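Geometric and topological summary
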Amino acid sequence: MVPYSHRIPEPKVLVSSFRPEGYYSAPGSDVRCPGNEPPHSPSACGMELEEAKELKERCSQCDAISWGLTEEGKYYCTSCHNVTERSKEVINTDIIPNTKIKYISRGLKRKSKFEKGWDWYVCEGFQHILCQQAEALKTLGVAPEVKNEVLHNFWKRYLQKSKQAYCANPVYTSRRKAQVLEDRVHHSDWTNGPELLSDANCTSCLESGAESQSDVPAPKPFPAPKAPQSEAASVCSGSVDGIEYSEWKEKGVVKMTVPGTLALCYLSLLWQRETVTLSDLLRFVEEDHIPYIKAFQSFPEEMKLYGRDKGIFAIESWPDYEEIYKHTIEIATFLDLPRFPDITEDCFLHPNVLCVKYLMEANLPDEMHGLTHQVTKMTGMGDVDSLTFDPIAKAARTVKYDVQAAALIVVVLKLLFLLDDKAEWSLSDLAEVHNEKNKTDKPWFNFRTWYQVMKKSVDEKKLKWEEARAKYMWKSKKPLYFSHIDKSVAYKRREMVVNLQKQFSALANSTPTVEKKSPSSFQFRWAKDDPARPCFHGHSLQGVLLKKGPALVTKNSLYWLSTQKFCRSYCKHVTTYEESNFSLSYQFILNLFSFLLRIKAALLHDEVSLIEKKLFKKKYSEAKKNSRSRKVKR
């Protein structure tokens, strides 16, 4: 029975016509107890009972079928006075005499035209995402200066260069005299919120560009809206400028996007020379350690997001390496940033240091590091000028440090084993015979055994990665809708999806959520005592090297260039990668490192060709001439 304190009060106008005053029926019995009637027990008249006859269900308390209606149209049992949550839709008020209209119309209140919230701009949404990403990077071990100093100043510089803030005439003044980020400084996610409006804390290298802003022509203001809009929010956008921002196109101005926030984060990491490469950053995003796909879910409740905002902040694809790399160059050039700090030999991003990481990741012998160091020196790829990013240079190009290090390892593997599907297996036979005869000595590196171990491990890892992507929940917990008319439909659909997921997971005896992995710089872990995943780091390269005087040379004296087919002159790529033109061993090596870096194999192949071009200048030029002559003959 429902406690009396939780029951609906008895309608004063409905007095029982068949029950003496001061009596009530005790639950489960026909005995009337005078003087013990609850102060707010519901009762019914004959007309009320007549209307309640259509309910044929038994009472959950006393198992009786005797229902009445309260003023508010809810069913209650006339035997035990148990009030249910079910209600009868009342169309004609004459059915229940003397009923007030306010009870009949309950639940049909009109909603306001807009959900009142903050007046917020699109740039504030991006600022909130940047703050969340910077906090996530701090959690991963990045220095706090990345957020508080570098990223903070980069973002201020972007707002100033795009004329959205920190300038005399912001682009918003064409429609409404507003000062972006000044109206609500205390809501800023940066700890030094009041300092957000002051350039006093900008580093000297960034202030130099800010002083020249008066000479730069101001971008055109956002296009004026076609329909009048409320100051609180627009009809088709939760933000004040959502419609204008989506239609804003200005030559020379880079519009901020959600992928652009990752580019800004990477620029900040690169400025601080942190131990996080671009591929690591994207992998952390993929593993949900850095907000990206559903970053808008962390917006405050007062920041209403719908309509055009959905196209600005909702992401429906994973970040692509090449896309973020292009955004990085584009934003750095637009911000007119000065030369970044030098990448020296003791820096993590230097090829001599970064190659060690990928040699460990790929379970290759430690002795290969000496060879990668020699190739780096011969090609000049370790020079500070070639490694340091300079956006104001004529041909602004930042080095793909992780791709470059992986390509160096591929070139060394080709120098040692040729990778033509013949030489590597012959050298593996020699290593296998030596290891059987000399079990106590340091084992020779066996390419065949390494290939079998790595193929099995990579296939298992790739299968789990594909399953995790397939199970990823793209729909956010906060439904997105285009207008307030669609809001109820969006929430109902989301509720249906959640219920269906619960039902199917119950039937399958599993949960649809994917377990979140702990962040790590390495994707594979190798142990010497693990027979399933043996470690090859301590193996020797004596089986593939020969002593020639004081120096060591490779047994393999041949080499083939990865550049088999050149692109046409108007194409920016160096080569065209077609798997059918290359050996299976070479394809496996490319696929291994491309999976580790989450890039396309063609991108790694291009980097290998660039290194070979520097390492074998004469041979490379001859191959290029032969390729051109064949095209002429055709």
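About the criteria used
- Residues numbered from 1 in each chain as written.
- Predicted model: local features only at pLDDT ≥ 70, side-chain atom pairs only at ≥ 80, totals over all residues.
- Heavy atoms only, no water.
- Helix = DSSP H or I, 4+ residues; strand = E, 2+ residues; numbered from the N terminus.
- Buried < 20%, exposed > 50% of the residue type's maximum accessible area, 1.4 Å probe, protein only.
- Contact = heavy atoms within 4.5 Å.
- Core = buried A, V, L, I, M, F, W, Y, C linked by side-chain atoms within 4.5 Å.
- Domains from an automatic or database assignment.
- pLDDT = per-residue confidence, 0-100.
- Expected span 1.5 Å × (residues − 1).
- Polar contact = N/O pair within 3.5 Å; in protein donor to acceptor, adjacent residues only side chain to side chain.

Looking at the environment of Leu262
- Looking at the secondary structure, you find Leu262 in helix α7 (residues 258-272).
- Under the relative-accessibility criterion, Leu262 is labelled buried at 0%.
- Along the primary structure Leu262 and Tyr325 are separated by 63 residues, whereas in three dimensions their C-alpha atoms are 9.7 Å apart.
- Residues contacting Leu262, with those up to four places away along its chain left out, are Gln133, Leu281, Leu282, Val285, Tyr292, Pro319 and Ile324.

So, the nonpolar core
- Counting 132 residues, the largest nonpolar core has Phe313, Leu364, Trp450 and Phe593 as the members making the most contacts within it.
- Counting residues per element, this core draws most heavily on helix α14 (residues 401-417), which supplies 13 residues.
- Residues lining this core come from more than one domain, with at least three contributed by each of domain 1 (122-168 + 236-335) and domain 2 (365-472 + 536-628).
- When residues no more than four places from it in sequence are discounted, the contact partners of Phe313 are Trp120, Val122, Gly125, Phe126, Ile129, Val258, Phe296, Phe299 and Leu305.
- Cys59, Trp67, Tyr75 and Cys80 belong to the second-largest nonpolar core, a separate cluster that totals 7 residues.

Remarks on the side chain of Asn556
- Mapped onto the elements of the fold, Asn556 is located in the loop between β5 (551-554) and α18 (584-597).
- Leaving out residues up to four positions away in the same chain, Asn556 has contacts with Lys414, Leu415, Leu416, Phe417 and Leu418.

Topic: the confidence of the model for the protein
- Averaged over all residues, the pLDDT of the protein is 76; the fraction at 70 or higher stands at 68%.
- pLDDT under 50 marks residues 1-47. Its contacts with residues more than four places away, or in other chains, come to 82 contacts.
- Within the model, pLDDT remains below 50 along residues 174-189, and this stretch shows 41 contacts once partners closer than five positions in the same chain are excluded.

Description of helix α10 (residues 321-335)
- Across its 15 residues, α10 extends 21 Å between first and last C-alpha, which sits within 8% of the 21 Å expected from 1.5 Å per residue.
- Buried within α10 are the following residues: Tyr321, Ile324, Tyr325, His327, Thr328, Ile329, Ile331, Ala332, Phe334 and Leu335.
- Where α10 begins, the side chain of Asp320 points an oxygen toward the backbone nitrogen of Glu322, at a separation of 3.2 Å.
- Once α10 finishes, Asp336 follows within two positions and takes phi at roughly 55°, a positive value.

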